[in-house]
Amino acid sequence: MSTPLRGAVIGCGFFALNQLHAWRDLPDATIVAICDRDPARLVEVGDTFDIATRYTDAAELFARERLDFVDIATTVQSHRALVELAAAHRVPVICQKPFAASMADARAMVAACDAAGVPLMVHENFRWQSAIMAVKAAIETGRIGQPFWGRVSFRSAFDVFSGQPYLATGSRFIIEDLGIHVLDVARFLFGDVTRLTARTRRVNPAIAGEDVATMMLDHVDGLTSIVDCSYATRLAAEPFPETFVEVDGSLGTIRLSQGYCLTITTVDATSVEDVSPPLLPWASRPWHNIQESVMLIQRHWLAALRTGTEPATSGRDNLKTLALVEAAYAGASEERWIATAEI
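Definitions and limits used
Residues numbered from 1 in each chain as written. Predicted model: local features only at pLDDT ≥ 70, side-chain atom pairs only at ≥ 80, totals over all residues. Heavy atoms only, no water. Helix = DSSP H or I, 4+ residues; strand = E, 2+ residues; numbered from the N terminus. Rg over C-alpha atoms; globule rule 2.2 N^0.38 Å. Buried < 20%, exposed > 50% of the residue type's maximum accessible area, 1.4 Å probe, protein only. Contact = heavy atoms within 4.5 Å. Areas by Shrake-Rupley, 256 points an atom, 1.4 Å probe, with all protein chains shown as cover. Lys, Arg positive; Asp, Glu negative; His and termini not counted. Charge placed at Lys NZ, Arg CZ, Asp CG, Glu CD. Salt bridge = Lys/Arg side-chain N within 4 Å of Asp/Glu carboxyl O. Axes fitted to C-alpha atoms, helices over the stretch in contact; angles between N-to-C directions. Parallel < 35°, antiparallel > 145°, perpendicular 65-115°, else oblique. Left-handed = near helix turned anticlockwise from the far one by under 90°. Nonpolar A, V, L, I, M, F, W, Y, C, P; charged D, E, K, R; others polar. Pairing = 2+ DSSP bridges.

Summing up its helical and strand segments, the protein chain has nine helices and 15 strands in all. By the compact-globule yardstick of 20 Å for 343 residues, the protein chain fits well, its C-alpha radius of gyration being 20 Å. The dimensions of the protein chain, computed from C-alpha atoms along their principal axes, are 60 × 45 × 40 Å. Each of the 343 residues in the protein chain was classed as buried or not, and the buried ones make up 56%. Counting only contacts in the protein chain whose residues sit at least 6 apart along the sequence, the fraction spanning at least 24 positions is 68%. On the protein chain, roughly 14,400 Å² of surface is accessible, and the fraction owed to carbon and sulfur atoms is 52%. The average position of the 30 basic charges and that of the 41 acidic charges among the side chains of the protein chain differ by 2 Å.

In structure tokens:
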């Protein structure tokens, strides 16, 4: 077996724990150092994952460690400085989503890594959920013919603010934090987008940003899709964190419904399959679908590094998803269709 790739994780907050668990399970990587501005958090996380080398300063980390990659798991405001620092040291980068606070920052990070000749991948993990990949595989079999309409939906009343209180304070919320994932799933399933429009509202008076968004997308091959997100929807059975998908094709339909139920209907028959994700040893319900996708995207990253291929959710690819986020906010603000070429 090849020597494991040496990695470091910058940012040891709420979601980074999933990444650290996944790295520990992947034999092709070893996390040799962690970095966080909070010394107490460094002790807690370092002791939990048996990582002895700890830094409070990222510049010192890069100066002292020999790294094959770095996993940046901080909030968006710090991404550009950290990605450019990694590029300056020629260290391949995984960056947490949302990738950037602006398209200018996103393009600058992609350019910095291109100039340094190092790979850059955005941790856009929703498309790596096994249920979403099962929908993609079903489309590609051709059983439902040519898709002409789709919907990707995430509606919940789950309290995401207790674990990540900063989400309640920003002027942007659901499109930037969750919608970016759901928009990326729509791109993954249905292809790139030519234009979109959106409507948003804030239902929860205790937060600053929008918690409901409905978007309509035109895709390059003529398919129309609806992407809708809500953290203000109370249902009899809380579906968090499941994403539901509907696809209509010329020969049939695909439905991914609650409980990871995949139903494919054609003129000849209807099949029903359970596409539930496995419960990894360190995972917990209901987060296990997200947690599995973390492991799968990190495995993909390691394979891309080994083979020298561009990862599926590269920085360059994520520019297209980030453009959809910006177009959605513009479309909602101006109440018009926004061409992605405008962004």
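It is worth spelling out the pattern of salt bridges at this point. In the structure shown here, the tally under the stated rule is 27 salt bridges. R80 is the salt-bridge partner of E84, the closest N and O atoms lying 2.9 Å from each other. Highlighted residues: E84 and R80, both in helix α4 (residues 79-88), separated by four residues, approximately one helical turn. According to the relative accessible area criterion, E84 is partly exposed, its value standing at 29%. The partner of K320 in a salt bridge is D192, with the nearest N and O atoms 3.1 Å apart. Linking K320 in helix α9 (residues 315-334) with D192 in the loop between α7 (174-190) and β8 (193-201), this pair joins segments that are 128 residues apart in sequence. The class of D192 is partly exposed, set by a relative accessible area of 25%. Taken together, the shared-partner salt bridges connect R127, D184, R187, D192, D317 and K320 into one network.

Bringing the packing of helix α1 (residues 16-25) against helix α2 (residues 39-49) into the picture now. Running from N to C, α1 and α2 point in directions that differ by 25°, and their axes come no closer than 11 Å. The angle between the axes of α1 and α2 places the two elements in the roughly parallel class. Of the two possible hands of crossing, α1 and α2 adopt the one that is right-handed. Between α1, through L17, L20, H21 and R24, and α2, the contact on the second element is made entirely by V45, T48 and F49. Looking at the contact of α1 with α2 residue by residue, the class counts come to four nonpolar, two polar and one charged.

Let us now look at the pairing of strand β9 (residues 212-219). Two faces, one strand: in a regular strand the side chains alternate between the faces of the sheet. The buried count for β9 comes to six of eight residues, which makes it a mostly enclosed element. Pairing between β8 and β9: eight bridges, direction antiparallel. What sits directly across from A198, in β9, is M215. The pairing of β9 with strand β10 (residues 224-230) spans seven bridges and is antiparallel. Within β10, the position partnered with V212 by the bridge is S230.

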